[in-house]
Amino acid sequence: MTYSIVLYGEPVLEKKAEAIKEFDTPELHQLIDDMFESCYAAKGVGLAAPQIGIPKRIAVIDLSVAEDPQQKIVLINPEIIHKEGTQAGEEGCLSLPGFREQVRRPKRVTVRAQNLKGETFELTGEDLLARAFNHEIDHLNGRLYITHVSALKRDLIRRKVRKLAKAGEWGG
Ligand code: ZN
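This structure is a prediction, so every number in the text was calculated from the model and none was measured.

Looking at the overall build of the protein chain
In terms of regular secondary structure, the protein chain is built from 3 helices and 7 strands. For 172 residues, the compact-globule formula gives about 16 Å, and the C-alpha radius of gyration of the protein chain, at 16 Å, lands near that figure. The principal-axis extent of the C-alpha atoms belonging to the protein chain is close to 45 × 40 × 30 Å. Taken over 172 residues, the protein chain has a buried fraction of 47%.

Quick look at the coordination of the zinc ion
Those donors, Cys93 (SG), His135 (NE2) and His139 (NE2), are the protein atoms that reach the zinc ion, and they lie 2.0 to 2.3 Å from it. Expressed as a motif, the donor residue spacing for the zinc ion is C-x41-H-x3-H. Here the residue His135 and the residue His139 both occupy positions in helix α2 (residues 127-140), the gap between them amounting to 4 residues, near one helical turn. Pair check on accessibility: His135 and His139 agree, each one buried.

The rules behind the values
Residues numbered from 1 in each chain as written. Predicted model: local features only at pLDDT ≥ 70, side-chain atom pairs only at ≥ 80, totals over all residues. Heavy atoms only, no water. Helix = DSSP H or I, 4+ residues; strand = E, 2+ residues; numbered from the N terminus. Rg over C-alpha atoms; globule rule 2.2 N^0.38 Å. Buried < 20%, exposed > 50% of the residue type's maximum accessible area, 1.4 Å probe, protein only. Donors = N, O, S within 2.8 Å, 3.2 Å for Na, K, Ca; no water.

Rendered as structure tokens:
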């Protein structure tokens, strides 16, 4: 099923998500399928479980947006174990539709995570993939990309969102 995306302002987006302890269950498989489906429906390259209201440490990434199955990445209980360099670039988030900001991120990132079976693996990404690893793992720690922009810009975004919410134009 396709979940609707939880938007900025919902507390679940700013809480630390809980670790997955049970692997290879039908529920977990279903949740991952639903996360990809929801991500594609929203035309995103990545989605973290809190963004569909589920406070668990799971993220899915697919930079090809459903074009290339080889690019599907499932990260369960991920952590960043190495980062190097920096990159500047625009970043957006499905939970903050309509906004994009320059965000400085490491250029190269290695994550350690578990797969659906609970097996631990490591994966290194550069450029956009490194950015996605950072962005999604931030979500699992209750952080949105706007925590990486200046306080001035963050306040501006907050005010705009509040205005939209008042007008009934921010989520449901
Ligand atoms: Zn996001």
